[in-house]
Amino acid sequence: MSRIAAVHGVLPPNRYAQAEITDAIARLGFLDATERRVLERLHQHAQVDFRHLVLPLDDYVKLDGFGAANDVFVAAAVDLGSQAVAEALDAAGLTPRDVDLFLFTTVTGIAAPSVEARIASRLGMRPDVKRLPLFGLGCVGGAAGVARVHDYLSAKSAQVAVLLSVEFCSLTIQRDDRSIANLVAGGLFGDGVTAVVATTSDGPGPRVIDSRSHLYPDSDQVMGWDITNGGFRVVLDASVPAVVRTYLPGDVDGFLGDHGLTRSDVTAWVCHPGGPRVLEAVVEALGLPSDALDVTWRSLAEVGNLSSSSVLRVLADTMAKKPPKGTPGLMIAMGPGFCSELVLLEW
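Please read all numbers here as calculations on a predicted model, not as lab measurements.

**Examining the pattern of salt bridges**
Argument step 1. If you walk through the whole model with that rule in mind, you get 16 salt bridges.
Argument step 2. In this structure, the salt-bridge partner of Asp23 is Arg27, at a minimum N-O distance of 3.0 Å. One end of the pair is Asp23 and the other is Arg27, both in helix α1 (residues 18-28) and four residues apart, which spans about a single turn.
Argument step 3. Judged by relative accessible area, Asp23 falls into the partly exposed class, the value being 27%.
Argument step 4. Ionic pairing is found between Glu40 and Arg36, a salt bridge with its closest N-O pair at 3.0 Å. Taken together, the residues Glu40 and Arg36, both in helix α2 (residues 33-44) and four residues apart, mark about one turn of the helix.
Argument step 5. Classification of Glu40 as partly exposed rests on a relative accessible area of 28%.
Argument step 6. On the basis of relative accessibility, which here comes to 26%, the residue Arg36 falls in the partly exposed class.

**Quick notes on the side chain of Arg3**
Argument step 1. Here Arg3 lies in strand β1 (residues 2-10).
Argument step 2. Of the side chains with opposite charge, Asp202 lies nearest to the buried Arg3, which makes no salt bridge, at 6.0 Å.
Argument step 3. A distance of 2.7 Å separates a polar atom in the side chain of Arg3 from the backbone oxygen of Ser201.
Argument step 4. Every residue in contact with Arg3, bar those within four places of it in the chain, is listed here: Val197, Ala198, Thr199, Ser201, Asp202, Gly203, Pro204, Gly205, Pro206 and Arg207.

**So, the packing of aromatic side chains**
Argument step 1. For the structure shown, the criterion picks out six aromatic pairs.
Argument step 2. For the pair Tyr216 and Tyr247, a centre-to-centre distance of 4.4 Å together with 15 degrees between the ring planes defines the contact as stacked. With Tyr216 in the loop between β8 (207-215) and β9 (223-228) and Tyr247 in helix α7 (residues 240-257), this pair connects stretches of sequence that are 31 residues apart.
Argument step 3. Among the aromatic residues, those joined into a cluster by ring pairs are Phe66, Phe135, Trp225 and Phe232.
Argument step 4. When the ring centre of Phe50 is taken as origin, the NZ or CZ atom of Arg15, which lies over that ring, is 3.8 Å away.

**Examining the UniProt feature "domain: Chalcone/stilbene synthase C-terminal" (unreviewed entry) in the protein chain**
Argument step 1. As recorded in UniProt, the feature "domain: Chalcone/stilbene synthase C-terminal" (unreviewed entry) lies at residues 214-345.
Argument step 2. The span residues 214-345 shows a helical share of 39% and a strand share of 25%, and its end C-alpha atoms are spaced 18 Å apart.

**Quick word on the sheet that holds strand β4 (residues 101-106)**
Argument step 1. Read from one edge of the open sheet, nine strands run β5-β4-β6-β7-β1-β8-β13-β12-β11, paired in mixed fashion. Each edge of the sheet is formed by a strand with only one pairing partner; in this case those strands are β5 (130-135) and β11 (268-271). With direction set aside, neighbouring strand axes in the sheet form an average angle of 25 degrees.
Argument step 2. Taken strand by strand, helix α5 (residues 141-154) contacts β1, β4, β5, β6 (160-168), β7 (191-199), β8, β12 (328-335) and β13 (339-346), and its axis lies near 120 degrees from that of β8.

**Quick word on the packing of α2 against helix α6 (residues 180-188)**
The axes of two packed helices give the description: the angle between them and the distance between them.
Argument step 1. One can describe the packing of α2 onto α6 by two numbers: an axis separation of 8 Å at closest approach and a directional angle of 50 degrees. Between α2 and α6, the interaxial angle falls into the category oblique. Once α2 is placed against α6, the crossing between them reads as right-handed. Contacts between α2 and α6 pair Val38, Leu39, Leu42 and His43 from the former with Ile180, Leu183, Val184, Gly186 and Gly187 from the latter.
Argument step 2. Looking at the contact of α2 with α6 residue by residue, the classes come out as six nonpolar, three polar and no charged.

**A short note on the layout of surface pockets**
Argument step 1. Counted as a void, the largest pocket has a volume near 590 Å³.
Argument step 2. Taken together, 29 residues form the lining of the largest pocket, with Val184, Leu188, Leu236, Gly274 and Arg277 sitting closest to its centre.
Argument step 3. For the lining of the largest pocket, the elements supplying multiple residues, two or more each, are α2, α6, α7, α8 (276-286) and β12.
Argument step 4. It is α6 that provides the largest number of residues to the lining of the largest pocket, a total of five residues.
Argument step 5. Across the lining of the largest pocket, the residue classes break down as 18 nonpolar, nine polar and two charged.
Argument step 6. Counting only domains with at least three residues in the lining of the largest pocket, you end up with domain 1 (3-199) and domain 2 (207-346).

**Quick look at helix α9 (residues 294-303)**
Argument step 1. Listed in full, the buried residues belonging to α9 are Val295, Thr296, Ser299, Leu300, Ala301 and Val303.
Argument step 2. Residues of α9 that are buried in the fold lie against β3 (50-53), α6, β11, α8 and α10 (308-320).
Argument step 3. Looking one or two places after α9, you find Gly304, whose phi comes out positive at around 80 degrees.

**Topic: the nonpolar core**
Argument step 1. Core analysis: the largest hydrophobic core is formed by 47 residues, its most contacted members being Phe102, Leu164, Phe168 and Leu171.
Argument step 2. The set of elements that each furnish at least two residues to this core consists of β1, α1, α2, α3 (66-91), β4, α4 (115-123), β6 and β7.
Argument step 3. Residue contributions to this core peak at twelve residues, all from α3.
Argument step 4. Leave out the neighbours within four places in its chain, and Phe168 touches Pro12, Val54, Phe73, Ala76, Ala77, Leu80, Thr108, Asp191, Gly192 and Val193.

**Regarding the domain arrangement of the protein chain**
Argument step 1. Looking at the assigned domains, one finds that the protein chain contains domain 1 (3-199) and domain 2 (207-346).
Argument step 2. Each partner contributes to the interface: domain 1 provides 55 residues, whereas domain 2 provides 46 residues.
Argument step 3. Buried area between domain 1 and domain 2, summed over both chains or domains, comes out near 3,800 Å², and the portion from carbon and sulfur atoms is 65%.
Argument step 4. The salt bridge partner of Arg233 is Asp176, with a shortest N-O separation of 3.6 Å.
Argument step 5. The interface formed by domain 1 and domain 2 holds 15 residue pairs in polar contact (both at pLDDT 80 or more) in total.
Argument step 6. The residue inventory of the side of domain 1 that touches domain 2, partitioned by class, reads 27 nonpolar, 19 polar and nine charged.

Rules used in this analysis
- Residues numbered from 1 in each chain as written.
- Predicted model: local features only at pLDDT ≥ 70, side-chain atom pairs only at ≥ 80, totals over all residues.
- Heavy atoms only, no water.
- Salt bridge = Lys/Arg side-chain N within 4 Å of Asp/Glu carboxyl O.
- Helix = DSSP H or I, 4+ residues; strand = E, 2+ residues; numbered from the N terminus.
- Buried < 20%, exposed > 50% of the residue type's maximum accessible area, 1.4 Å probe, protein only.
- Lys, Arg positive; Asp, Glu negative; His and termini not counted.
- Polar contact = N/O pair within 3.5 Å; in protein donor to acceptor, adjacent residues only side chain to side chain.
- Contact = heavy atoms within 4.5 Å.
- Phe/Tyr/Trp six-rings, centres within 6.5 Å; stacked < 30°, edge-to-face > 60°.
- Lys NZ or Arg CZ within 6 Å of the ring centre and 35° of its normal.
- UniProt positions renumbered as here; feature names shortened; annotations may be inferred.
- Pairing = 2+ DSSP bridges.
- Axes fitted to C-alpha atoms, helices over the stretch in contact; angles between N-to-C directions.
- Parallel < 35°, antiparallel > 145°, perpendicular 65-115°, else oblique.
- Left-handed = near helix turned anticlockwise from the far one by under 90°.
- Nonpolar A, V, L, I, M, F, W, Y, C, P; charged D, E, K, R; others polar.
- 1 Å grid on protein atoms, 1.4 Å probe; cavity = no way out; pocket = protein on both sides within 12 Å on 5 of 7 lines; lining within 4 Å.
- Points joined across faces, edges and corners; volume = space filled by probe spheres on them.
- Domains from an automatic or database assignment.
- Core = buried A, V, L, I, M, F, W, Y, C linked by side-chain atoms within 4.5 Å.
- Buried area = accessible area lost by both parts, 1.4 Å probe.

Right, here's the structure in full:
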């Protein structure tokens, strides 16, 4: 079995209240009075209080295209990613040269050489470190990354793996896109970086027992990006809560049942904060107690939806609460595909 030895998140220093971001997006997109009222209503309903952005608000207007935005992504990803990985390794009592596998996930920027290669060199990882950059998983990437790290470690002994998630969603906002999807995304998504250290050694931290992936039929237009001359144009369909209600209960029950468990056995639900309607759908579909996703709701309010990084931050916050030792926990995330990833933990 693999074990999560440390999880460490880093947020960009530019922190703003939701109303400040709403006003900046309205000015950036040159919205008329009616469009601004729609924007304000959508942002108020997002249940996000604050977000951290990779740039100061006034600097976004200076970005003159996808290339400029992606340059910011790469530079900040290496800087903040290096910090997150170094501090996570330190918390686990390890060094960069101990790392055998370095997995990197994002859906908000591209780089070649990839970001984890640049960070490996900066931190002084061994030249034989195995690297695996993953692009396109979106909000499911954090849970899927933990699952793929577990797949690797399950076949190894005395190994260390690092998962790094970097998401700077603010760099993808399209100033000429007045669609509801873009306006919703502008009120929901924030920026953040999270690193996870996993090992095959004994010690504190939850064990990863198993994972389960599910790709849903005829759902490729539910969530994702259209790649345009201006960069990433969001695809975000209103059917996401319905997909959750249709598929998630059976997925969860089947996965838990294969391990002799039921929903009532789970002592902590580590759920990605996909947004208020999605979280309400998860609670309703699974018949969870009203407080089961309190950690997730708090994360949504404090920093917004950080795409793949969010569920990892929820994992760190849940670990800090110290669920009952030896009991099961379940990590849940969904994303482009449309798909879900479930990860069974033992606290």
